[in-house]
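Residues per chain, in single letters:
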Amino acid sequence: MTASATAPLKAAGSLFAFTLDTARASVRRPFQLREFLQQAWFVASVTIIPTALVAIPFGAVIALQVGGLIKQFGAQAFTGSAAVLAVVREASPIATALLIAGAGGSAICADLGSRKIREELDAMMVLGIDPIQRLVVPRVLATMLVAFFLNGFVSVVGVMGGYVFNVVLQDGTPGSYIASFTALAHLPDLWQGQAKALVFGFIAAVVASYKGMNAGGGPKGVGDAVNQSVVITFMLLFVANFSMTAIYFQLVPPKGA
């Protein structure tokens, strides 16, 4: 096999090794609490407004699509439950992950990439400071925390948006929409959505950190690393989403099944 043919395998192996190093460094002390809080605030500040703007139309589109489909089957009484399942189980974690990767992950990659080309990371290693423990771990944990809370925010706003559009545009009744919440959905669906948010946040932060710490070629190289981190994260997110959904359906059967 030529070097160009084995390059993707080497990149995948390096990313996997970087993930293991990050996991090991996360349990080592001292924990960088100040850096963690600063990064949590930074990631939240760059993602909260896009999340708020996306959450309402996201819930509205799902309510319109699900409501129209359920109406064809004559099961309007289950519109609220179906919309809640679609938002909480699938749409909310995916929307959160895309925003975290697109806004927060790209900012993390650009920050670490700029440190790399300024040789700050090399200087830290010369001083005996582990860049992964000092810089990567706080960013990964902060991104996971923000993703967890943003997913809850998107779920609430999406369900409320679906409620408004179902009642206003589809002639649904408020009581029927709310009363059907528990017909198909149950509490494990919410925990699954939150677990997805944590995993997606971890993937976005690890990929962004890896590409940032391996950037090269000056400012252009940093820009290329940011673009690559977003694309790779999106691909991994959809693979992880499919895997977690398949495992969830094996462990927790649908309500009423």
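Small disclaimer: the values here were computed from a predicted structure and weren't measured.

A. Inspection of the UniProt feature "transmembrane region" (unreviewed entry) in the protein at higher detail. UniProt marks residues 41-64, 140-165, 190-210 and 230-251 with the feature "transmembrane region" (unreviewed entry), using the numbering shown here. Span residues 230-251 is 100% helix and 0% strand, its end C-alpha atoms 31 Å apart.

B. Highlighting the nonpolar core. The biggest cluster of nonpolar side chains holds 40 residues, and the ones touching the most others in it are Phe-18, Ile-100, Ile-132, Val-136 and Met-213. Contributing elements (two or more residues each) for this core: helix 1 (3-25), helix 2 (33-72), helix 3 (79-117), helix 4 (120-126), helix 5 (131-169), helix 8 (187-213) and helix 9 (218-251). The biggest single contributor to this core is helix 5, with ten residues. Ignoring anything within four residues of it in the chain, the contact list for Met-213 reads Phe-18, Leu-112, Lys-116, Leu-121, Pro-131, Ile-132 and Val-136. Within the second largest apolar cluster, eight residues are counted, among which are Ala-82, Val-84, Val-88 and Val-159.

C. Structural context of the pattern of salt bridges. Under the defined criterion, the tally for this structure stands at nine salt bridges. Residue Asp-21 is joined to Arg-24 by a salt bridge in which the shortest nitrogen-to-oxygen separation is 2.4 Å. Here Arg-24 and Asp-21 lie together in helix 1, a separation of three residues that amounts to about one turn. Using a relative accessible area of 29% as the deciding quantity, one classes Asp-21 as partly exposed. The exposure class assigned to Arg-24 is partly exposed, which follows from its relative accessible area of 49%. Glu-35 is paired through a salt bridge with Arg-134; the nearest N and O atoms lie 3.4 Å apart. On the criterion of sequence distance, the pair formed by Glu-35 in helix 2 and Arg-134 in helix 5 is long-range, its members being 99 residues apart. Judged by its relative accessible area of 10%, Glu-35 is buried. Residue classification places Arg-134 among the partly exposed positions, given a relative accessible area of 28%.

D. Representation of empty space enclosed by the protein in the model. Applying the stated criterion across every chain, the model contains one cavity of 30 Å³ or more. Considering only enclosed or pocket space, the largest cavity measures out at about 40 Å³ in volume. What lines the largest cavity is simply Ala-55, Phe-58, Gly-59, Val-87, Ala-91, Ser-92, Val-154 and Gly-158. Among the elements of the structure, helix 2, helix 3 and helix 5 are those that each provide at least two residues to the lining of the largest cavity. For the lining of the largest cavity, the residue count by class is five nonpolar, three polar and no charged.

E. Local environment of helix 9. Counted at 1.5 Å a residue, the expected span for helix 9 with its 34 residues is 50 Å, and the 48 Å between its end C-alpha atoms agrees. Within the span of helix 9, buried status applies to Gly-221, Val-222, Ala-225, Val-226, Ser-229, Val-230, Thr-233, Leu-237, Ala-240, Asn-241, Thr-245 and Tyr-248.

F. Up close: the environment of Gly-162. Mapped onto the fold, Gly-162 is located in helix 5. Remark: the alpha-carbon pair of Gly-162 and Ala-60, spanning 102 residues in sequence, is separated by 4.7 Å. In contact with Gly-162, other than residues within four places in its own chain, are Gly-59, Ala-60, Ala-63 and Tyr-177.

Conventions we followed
- Residues numbered from 1 in each chain as written.
- Predicted model: local features only at pLDDT ≥ 70, side-chain atom pairs only at ≥ 80, totals over all residues.
- Heavy atoms only, no water.
- UniProt positions renumbered as here; feature names shortened; annotations may be inferred.
- Helix = DSSP H or I, 4+ residues; strand = E, 2+ residues; numbered from the N terminus.
- Core = buried A, V, L, I, M, F, W, Y, C linked by side-chain atoms within 4.5 Å.
- Buried < 20%, exposed > 50% of the residue type's maximum accessible area, 1.4 Å probe, protein only.
- Contact = heavy atoms within 4.5 Å.
- Salt bridge = Lys/Arg side-chain N within 4 Å of Asp/Glu carboxyl O.
- 1 Å grid on protein atoms, 1.4 Å probe; cavity = no way out; pocket = protein on both sides within 12 Å on 5 of 7 lines; lining within 4 Å.
- Points joined across faces, edges and corners; volume = space filled by probe spheres on them.
- Nonpolar A, V, L, I, M, F, W, Y, C, P; charged D, E, K, R; others polar.
- Expected span 1.5 Å × (residues − 1).

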